Amino acid sequence: MRPESDIVYGVHPVLEMLKSGRPVGKIYLSLSRSEKEGETIRLYAREKGIPLAAVSKEELSRMTATTRHQGAAAFVSTESYQDLNALLAVSVKRKEAPFFLLLDSVEDPRNLGAILRTAEAACVHGVILPKRRAASLSPVVGKTSAGAMAHLPITRVTNLSQTIDQLKKENISIVGMDATAKMSYLENDFQSPVAIVVGGEGGGIHQKILERCDAVVSLPMRGKVSSLNVSVAVGIVTYEVLRQRGISKNKIK
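Just so it is clear, the model here is predicted, and its values are computed rather than measured. (Residues numbered from 1 in each chain as written. Predicted model: local features only at pLDDT ≥ 70, side-chain atom pairs only at ≥ 80, totals over all residues. Heavy atoms only, no water.)

Draft legend 1. Seen up close, the sheet that holds strand β8 (residues 173–177). Taken in spatial order, the seven strands of this open sheet run β7-β6-β5-β10-β8-β11-β9, and their pairing is parallel. Looking at strand neighbours, the two that pair on one side only are β7 (154–157) and β9 (183–184), the edges of this open sheet. Taken together, the six bridges between strand β5 (residues 99–104) and strand β10 (residues 194–199) define a ladder with parallel strand orientation. Within β10, the position partnered with Phe99 by the bridge is Val194. Across the face of the sheet, helix α5 (residues 109–121) comes into contact with β5, β6 (126–130) and β7 while running at roughly 175 degrees to β5. Running at roughly 165 degrees to β10, helix α9 (residues 230–245) makes contact with β5, β8 and β10 of the sheet. (Pairing = 2+ DSSP bridges. Helix = DSSP H or I, 4+ residues; strand = E, 2+ residues; numbered from the N terminus. Contact = heavy atoms within 4.5 Å. Axes fitted to C-alpha atoms, helices over the stretch in contact; angles between N-to-C directions.)

Structure (structure tokens):
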């Protein structure tokens, strides 16, 4: 059997992978021809010349190691990451100030999937992940992202500190999110080129990364709890970036 990281499952993630144009090796369906989603996947497969096989739900469960496959799975290229230059090119193509997310030790794949879903919806130009002590792209991430993973430029780097230094050379401001910061995210100017750094579920941003940030902001907490889930925090700050920049749907290319 192929490694788990080669497979995307779920109706919407498979459809979005097909729409994105990324290489798909083979599709497996347990959906009947009377089901609309199955027929849509079949049409895309025929148009793109992708092999398609009908399998039982039990076989699909074995292949995906889950019963939550919704009757659809696709084997995709293992190379889902792009290099940093490809991410930088996105903002140039859109004629927008660069807007990136750097994730420092986000280890929960469901959190990563939720972050990618929000990032794609908020028109983030790319997400930067570390290779160590962090979740990587996987079937669970793809399913949780509801297909957003297929459309969002993502790079994986060996050293976040060095990557931050590279971004600074491109005149991109580095803004960290930390619960102890005195400055609210609402006080920060996000209209200029920016890369927002968020930390993992437990320890937050590592100190050596915080020290490289040009600014550190927090989310005002008025209730009893002291922090929010990282994917929720990302949603709040990314949409503040959109608000400040006045980016509407019809401007996105």
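Draft legend 2. Summary view of unusual backbone geometry. The phi angle at Ala65 is positive, at roughly 60 degrees, despite the residue not being glycine. In this structure, Ala65 sits in the loop between α3 (57–64) and β4 (72–76). Phi is positive for Gln70, which is not a glycine, with a value near 60 degrees. Checked against the element boundaries, Gln70 lands in the loop between α3 and β4. The class of Gln70 is partly exposed, set by a relative accessible area of 41%. (Buried < 20%, exposed > 50% of the residue type's maximum accessible area, 1.4 Å probe, protein only.)

Draft legend 3. Looking closely at the pairing of β6. Within β6, five of the five residues are buried, leaving the element largely enclosed by the surrounding structure. Looking at chain direction, β5 and β6 are connected through three bridges and run parallel. Looking at the pairing, Leu101 lines up with Val127 of β6. Crossover β5 to β6 through α5 is right-handed. In terms of strand pairing, β6 meets β7 through four bridges, oriented parallel. Among the inter-strand pairings, Val127 is bridged to a residue of β7, identified as Ile154. After leaving β6, the chain enters helix α6 (residues 139–144) and then returns to the sheet as β7, a path that is right-handed. (Right-handed = clockwise from strand over helix to strand, strands pointing away.)

Draft legend 4. Broad picture of the packing of α5 against α9. Interhelical geometry of α5 versus α9 gives an angle of 10 degrees and a closest axis separation of 9 Å. By the angle between their axes, α5 is roughly parallel relative to α9. Residue-level contacts link Asn111, Ala114, Ile115, Thr118 and Ala121 of α5 to Val230, Ser231, Val234, Gly235, Thr238 and Tyr239 of α9. By residue class, the composition of the contact of α5 with α9 is six nonpolar, five polar and no charged. (Parallel < 35°, antiparallel > 145°, perpendicular 65-115°, else oblique. Nonpolar A, V, L, I, M, F, W, Y, C, P; charged D, E, K, R; others polar.)

Draft legend 5. The pattern of salt bridges, seen in detail. Evaluated as defined, the whole model comprises seven salt bridges. For the salt bridge of Glu39 with Arg42, the shortest nitrogen-to-oxygen distance reads 3.9 Å. With a gap of three residues between them, Glu39 and Arg42 both fall in helix α2 (residues 36–48), about one helical turn apart. Where salt bridges share partners, they join Glu39, Arg42 and Arg46 into one cluster. (Salt bridge = Lys/Arg side-chain N within 4 Å of Asp/Glu carboxyl O.)

Draft legend 6. Focus on the packing of aromatic side chains. Throughout the structure, instances matching the rule amount to one aromatic pair. Seen from their ring centres, Tyr28 and Phe75 are 5.7 Å apart, and the 85 degrees between their planes marks the pair as edge-to-face. One end of the pair, Tyr28, is in strand β2 (residues 24–29); the other, Phe75, is in strand β4, and 47 residues separate them in sequence. Each member of the pair, Tyr28 as well as Phe75, is classed as buried. (Phe/Tyr/Trp six-rings, centres within 6.5 Å; stacked < 30°, edge-to-face > 60°.)

Draft legend 7. Looking closely at α2. When the terminal C-alpha atoms of α2 are compared, their 19 Å separation across 13 residues agrees well with the 18 Å that a helix rising 1.5 Å per residue should span. When we look at burial in α2, the residues that qualify are Gly38, Ile41, Arg42 and Ala45. Across the axial projection of α2, the buried residues extend over an arc of 105 degrees, all falling on one side. α2 presents Lys36 and Glu47 as exposed residues on the side facing more than 90 degrees away from its buried surface. Tucked into the core, α2 has its buried residues touching α1 (11–20), β2, β3 (52–54) and β4. One or two residues past the end of α2 sits Gly49, with phi positive at roughly 65 degrees. (Expected span 1.5 Å × (residues − 1). Arc of directions from axis to C-beta.)

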